[in-house]
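Each chain, written out:
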Amino acid sequence: MIEASYIWVILWAGLVGMDLATAPQVMIARPIVAGSVTGFLLGDFLGGFFVGAALEMFAFDLLPVGASRYSDFGVGAVAAAVAIAGSPTEFALGIAVAVGLVTAWAAGIGIHIVRKANTREVEEVRLELDSGDAAVVNDLQLRGALRDLSRAMIVAVLGVLLAATVKAYFRPSTPAAVTLTVVAVGAALAAAGSGAVNCSGRAKGFRMFGLGVIGGLAWTVLL
Amino acid sequence: MRRLPLVLRSFLVQASFNYERMSGVGLSFVMDPHLRSHLGPDNYRAAKARANGFFNAHPYMAPLAAGALIKVETEGHADVELRRFKKALIGTLGLFGDRLVWTGVLPLCAAIALILGTNVMPVLAPVVFLVGYNLFHLWLRWWGCAVGLREGIGVGGYVAHSDIKRLLSSVGPLAALLIGFCAPLVADFLMSGWTLSDATGAVMVAFAGTVLFRLFPTRVNSLKFGIAALAVAFAIGLTVG
């Protein structure tokens, strides 16, 4: 039963990874979606949402612009949701976020490798492209998409293995698990601040972020 | 000209993204059916050769760019003019799309989803995000395609004076405000039932991260900081445990 769920999780991770930069970019690659759906597939929607919400704060700082190198938080959220599924969320959150961040980093390296392979292939058919050959365009598109799908699924397998290993062998004491979760939440808050600066420039971004934090704190205390 | 095939193909504009021509090959794929049906064999091949060259812009701007390029290709401009126009589109649409989507509507929708998910019902977060964001996203592709095919060479001027351009000045600050608003709510949701010392610890880590981002903006990002901070906490946990 569990093994069948993992097959669905790997397939889902393939779609999530492709969505970030290849197609169709409907943003199932956002951690809040990728993590929640993975949790649902594993029978623990709330755990997936929990870790998806934490990683979404990190993803605020993500700018998938042009040729810049960036991490794949979607595939990271899938691995993180596997790490947290079935565990008490407040204790497993820190460990799951760590699994998610490492997987997101590896998936980002994978994107770079895929793009280098695409570049090599484009260089090989330079003459055909420059002479307006249409068939070669379709081939490049198909191979590029399949390459990215494979990349996402391979990294997802590695991420799931990492999550399973951590769950099996790392059983921290309660204080250590809580410390990891505290650090994960703190780092997520810092990432959200950095993301706000991206949205509106350093001075204005910080000002608006600060105003928002004050409003959010008031809401949290009063309600 | 029919919009649907162009919009559908635009979802694959980055399928063969590479460091040499960026999404140029993808843009050529998007334009192909229209070029094939509106140009003769020789003109088609010349247009494809131009389309296969370098192109880089926000992917949601692909229908707008492709539409405009198709229009000017069918109007019979000189090769130099066509290449110059494509180059001009890259700068205009790249910055426009990145500011509108990556640092505007996307974080705005994600922040709203987090607020709803952590305070009303968790299942609302992915649903509201996907529906809300994609209503805008799909509209942007459809609108871009219509504008591109209609305006052709005047597309840059049209976009510069459109209502959507005016959105740019407000959507980024609003996103920053809502990210700030959702941050304590998410932290409270993730840390519910914790002690004051736990909350203080999280704030200290957040402060350290913010200082590092400010001191080393090009060398430290949220991912590196997160991994490093968790590795240190892990090592301390092992030592103390």
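Structure report, in brief. Residue numbers restart at each chain and count upward from 1, following the sequence in its written direction. Lettering of chains starts at A and numbering of ligands starts at 1, both following the order in which they are written. Local features are withheld for residues below a pLDDT of 70 in this predicted model, meaning they are given only at 70 or higher, and side-chain atom pairs are given and counted only at 80 or more; totals for whole chains, interfaces and linings count all residues. Values reported for side chains reflect all heavy atoms of the structure, with hydrogen atoms and water molecules removed beforehand.

## Re the overall build of chain B
Part 1 of the reasoning: Across its full length, chain B holds 10 helices and zero strands.
Part 2 of the reasoning: Counting from the N terminus, the helices are the DSSP runs of H or I reaching at least four residues and the strands are the DSSP runs of E reaching at least two. In chain B, the succession of helices and strands from N to C terminus is α-α-α-α-α-α-α-α-α-α.
Part 3 of the reasoning: All radius of gyration figures rest on C-alpha atoms, and the globule criterion is 2.2 Å times the number of residues raised to 0.38. Radius of gyration (C-alpha) of chain B: 23 Å, far over the 18 Å computed for a compact globule of 241 residues.
Part 4 of the reasoning: Relative accessibility thresholds used throughout: buried, under 20% of the residue-type maximum; exposed, over 50%; partly exposed, between the two (1.4 Å probe, protein chains only). Here chain B holds 241 residues, and the buried ones make up 56% of them.
Part 5 of the reasoning: Across chain B, every contact between residues at least 6 apart in sequence was considered, and the portion connecting residues at least 24 apart equals 72%.
Part 6 of the reasoning: Here chain B has roughly 10,300 Å² of accessible surface; of this, 67% comes from carbon and sulfur atoms. Only heavy atoms matter for contacts: two residues are in contact if any of them lie within 4.5 Å across the pair. Here the open area of atoms and residues is found with the Shrake-Rupley method and a 1.4 Å probe, where only the protein chains shown may cover a residue.

## Some remarks on the interface of chain B and chain A
Part 1 of the reasoning: At the interface, 87 residues of chain B touch 95 residues of chain A.
Part 2 of the reasoning: Two parts lose some accessible area (1.4 Å probe) when they are put together, and adding that loss for both gives the buried area. In this assembly, chain B packs against chain A so that about 7,500 Å² is buried in total across both faces, 74% of it on carbon and sulfur atoms.
Part 3 of the reasoning: Considering only the surface of chain B that becomes buried against chain A, Y19, L190 and L230 of chain B emerge as the three largest contributors, covering 10% of it.
Part 4 of the reasoning: A side-chain nitrogen of Lys or Arg and a carboxyl oxygen of Asp or Glu constitute a salt bridge if their distance falls within 4 Å. Linking chain B with chain A are two salt bridges.
Part 5 of the reasoning: Here a polar contact is taken to be a pair of N or O atoms separated by no more than 3.5 Å, where protein atoms must pair a possible hydrogen donor with a possible acceptor and residues adjacent in sequence count only if both atoms sit in side chains. Here chain B is connected to chain A by 16 residue pairs in polar contact (both at pLDDT 80 or more).
Part 6 of the reasoning: Of all elements in the fold, only helix 2 (24-38), helix 3 (41-51), helix 5 (79-119), helix 6 (124-151), helix 8 (163-190), helix 9 (196-215) and helix 10 (222-240) of chain B reach the threshold of two or more residues within the side of chain B that touches chain A.
Part 7 of the reasoning: Element by element, the count of residues in the side of chain B that touches chain A is highest for helix 8 of chain B, at 17 residues.
Part 8 of the reasoning: Amino acids are sorted into nonpolar (Ala, Val, Leu, Ile, Met, Phe, Trp, Tyr, Cys and Pro), charged (Asp, Glu, Lys and Arg) and polar (every other residue, Gly among them). Looking at the side of chain B that touches chain A residue by residue, the class counts come to 54 nonpolar, 22 polar and 11 charged.

## Points about the nonpolar core
General note: in soluble globular proteins, nonpolar side chains tend to be found buried as a group.
Part 1 of the reasoning: Each nonpolar core is a collection of buried residues, namely Ala, Val, Leu, Ile, Met, Phe, Trp, Tyr and Cys, held together in the definition by side-chain atoms within 4.5 Å. Ranked by internal contacts, the top residues of the largest apolar core, which has 149 residues, are V97 of chain A together with Y133 of chain B.
Part 2 of the reasoning: Per element, the largest residue contribution to this core is 18 residues, and it comes from helix 5 of chain B.
Part 3 of the reasoning: Core analysis: the second largest hydrophobic core is formed by eight residues, V122, V125 and V136 of chain A together with V25 of chain B among them.

## Concerning the side chain of R115 of chain A
Part 1 of the reasoning: Within the secondary structure layout, R115 of chain A lies in helix 5 (residues 89-124).
Part 2 of the reasoning: Charge assignment: positive for Lys and Arg, negative for Asp and Glu; neither His nor the chain ends contribute. An unpaired buried charge is present at R115 of chain A: no salt bridge exists, and D148 of chain A, the closest side chain of opposite charge, is 7.1 Å distant.
Part 3 of the reasoning: If we ignore the near neighbours within four places in the chain, the residues touching R115 of chain A are A21, G66, S68 and Y70 of chain A together with F17, N18 and Y19 of chain B.

## Things to note about the packing of aromatic side chains
Part 1 of the reasoning: Only centres within 6.5 Å qualify two rings of Phe, Tyr or Trp (six-membered ring in Trp) as a pair; their planes then separate them into stacked at under 30 degrees, edge-to-face at over 60, and tilted for everything else. Inspection of every chain in the model, using the stated rule, returns 10 aromatic pairs over all chains.
Part 2 of the reasoning: Geometrically, the ring pair formed by F49 of chain A and F189 of chain B is edge-to-face, given 5.5 Å between the ring centres and 75 degrees between the ring planes. One end of the pair, F49 of chain A, is in helix 3 (residues 45-59); the other, F189 of chain B, is in helix 8, on a second chain. As far as the burial class goes, F49 of chain A and F189 of chain B line up, both buried.
Part 3 of the reasoning: Put simply, the rings of F45, F49 and F50 of chain A together with F189 of chain B pair up and form one aromatic cluster.
Part 4 of the reasoning: A cation over an aromatic ring shows up here: R9 of chain B above the ring of F29 of chain B, its NZ or CZ 4.3 Å from the ring centre. Note on criteria: charge over ring means Lys NZ or Arg CZ within 6 Å of the ring centre, with the direction from the centre no more than 35 degrees off the ring normal.

## A short note on helix 5 of chain B
Part 1 of the reasoning: Under the convention used throughout, the expected extent of a helix is 1.5 Å for every residue step, that is, one less than its residue count. Over its 41 residues, helix 5 of chain B runs 57 Å from end to end, which matches the ideal 60 Å to within 8%, given 1.5 Å per residue.
Part 2 of the reasoning: To get the bend at any residue, fit one axis to the seven residues that end at it and another to the seven that begin at it, then take the angle between the two axes. Most pronounced at V101 of chain B, the bend in helix 5 of chain B amounts to some 30 degrees.

## A look at the packing of helix 3 of chain A against helix 4 (residues 73-84) of chain A
Residue and element names in this part refer to chain A.
Part 1 of the reasoning: Note on geometry: axes are lines fitted to C-alpha atoms, helical ones only across the stretch in contact, with angles between N-to-C directions running from 0 to 180 degrees. At a minimum axis separation of 9 Å, helix 3 and helix 4 run at an interaxial angle of 145 degrees. As helix 3 packs across helix 4, the resulting crossing turns out to be right-handed. Contact residues: G47, G48, F50, V51, L55, F58 and A59 in helix 3; F73, G76, A77, A80, A81 and I84 in helix 4.
Part 2 of the reasoning: Split into classes, the residues belonging to the contact of helix 3 with helix 4 amount to 10 nonpolar, three polar and no charged. By definition, any crossing whose near helix is turned counterclockwise from its far helix by less than a right angle is left-handed, and any crossing with a clockwise turn is right-handed.

## Re helix 9 (residues 202-222) of chain A
Part 1 of the reasoning: Taking 1.5 Å of rise per residue, 21 residues should cover 30 Å, and helix 9 of chain A covers 30 Å from first to last C-alpha, within 8% of that figure.
Part 2 of the reasoning: Along helix 9 of chain A, the residues classified as buried are G205, M208, F209, G212 and G216 of chain A. For helix 9 of chain A, the buried positions fall inside an angular range of 100 degrees around the axis, keeping them on one side. Residues of helix 9 of chain A that are exposed and angled more than 90 degrees away from the buried face: A203, R207, L211, I214, V221 and L222 of chain A.
Part 3 of the reasoning: If you follow the buried residues of helix 9 of chain A, they end up packed against helix 8 (174-200) of chain A together with helix 8 of chain B. Regarding the arc, it is the one traced by the directions from the helix axis to the C-beta atoms.

## Things to note about the environment of N118 of chain A
Part 1 of the reasoning: By the element assignment, N118 of chain A lies in helix 5.
Part 2 of the reasoning: A sequence separation of 26 residues divides N118 of chain A from G144 of chain A, and the C-alpha atoms of the two residues are 6.3 Å apart.

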